[in-house]
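# A structural walkthrough
Now for the letters of each chain:
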Amino acid sequence: MRLFSKRGFSFGRGSLLIKKWGRKTKMSMENRFFEILMYRVQIEENLKGKEHKRLNEATIKMQVRRSDGQLVFVHKVADGEGVGPVDALDKVLRKALIDFYPQVANVRLMDYEVHKKNGDIGTESLVEVIITSTDGQNQWRTSGVSVNVIKASLLALAKSLEEEISRLLVTV
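I will try to describe carefully the structure that is included in this document. (Residues numbered from 1 in each chain as written. Predicted model: local features only at pLDDT ≥ 70, side-chain atom pairs only at ≥ 80, totals over all residues. Heavy atoms only, no water.)

## Focus: the pairing of strand β5 (residues 127-134)
Counting buried positions over the eight residues of β5 gives eight, a clear majority of the element. Two strands pair when backbone bridges link them, and strand β4 (residues 108-116) and β5 are joined in this way by eight bridges, in the antiparallel orientation. Bridging from a neighbouring strand, tyrosine 112 pairs with isoleucine 131 of β5. Sheet analysis places β5 next to strand β6 (residues 139-146), joined by eight bridges and oriented antiparallel. (Buried < 20%, exposed > 50% of the residue type's maximum accessible area, 1.4 Å probe, protein only. Helix = DSSP H or I, 4+ residues; strand = E, 2+ residues; numbered from the N terminus. Pairing = 2+ DSSP bridges.)

Here it is in structure tokens:
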């Protein structure tokens, strides 16, 4: 525990999620629904002039396990104007997974929190992103930890979708 605390992990709110998902991320692809192989987020924003324009674009390469167990490589691009980079990642994740797991269409992000984990090292600090998601009936929280807030957001979003897929496959 002390080693984790020194690295910036706290075991207050959301700690069960960190422990649970820490184990899950070490699982082999055989036990997972998808694995993110690469992602890219581009942010373009015009800060001058009368028009305040934004373009956020996310690209993702994934390996997805179909219901028959076969692995499939997926490459998707999603872009949205006037929306942030986390929303672009959320959209591209759904686009990449919806053909394999249609239930991800019902998942919505309800709350998004960012917590700085170790404040003494400035911009190199670990951040934890905690999101609350819903499918309209159930709510759950997932988290992602990284020195990169975008990566931490992606990890939390991916865990949220895995949670929904897993829950629905168990109840079917």
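## Looking at the environment of arginine 32
Looking at the secondary structure, you find arginine 32 in the loop between α2 (15-24) and β1 (34-45). Separated by 134 residues in sequence, arginine 32 and serine 166 place their C-alpha atoms 9.1 Å apart. Separated by 3.4 Å, the side chains of arginine 32 and glutamate 162 make a polar contact. (Polar contact = N/O pair within 3.5 Å; in protein donor to acceptor, adjacent residues only side chain to side chain.)

## Some words on the pattern of salt bridges
All chains considered together, the criterion is met by eight salt bridges. Salt-bridge contacts for arginine 66 lead to aspartate 68; the nearest nitrogen and oxygen are separated by 2.6 Å. Classification of arginine 66 as partly exposed rests on a relative accessible area of 30%. Aspartate 87 is paired through a salt bridge with lysine 91; the nearest N and O atoms lie 3.4 Å apart. Of the two residues, aspartate 87 and lysine 91 are both situated in helix α3 (residues 85-97); the distance of four residues between them amounts to about one turn of the helix. Residue class for aspartate 87 comes out partly exposed when judged on its relative accessible area of 27%. Ionic contacts of the salt-bridge type, sharing partners, join the residues Asp135, Glu164 and Arg167 into one network. (Salt bridge = Lys/Arg side-chain N within 4 Å of Asp/Glu carboxyl O.)

All quantities given are derived from atomic positions and should not be read as evidence of function.
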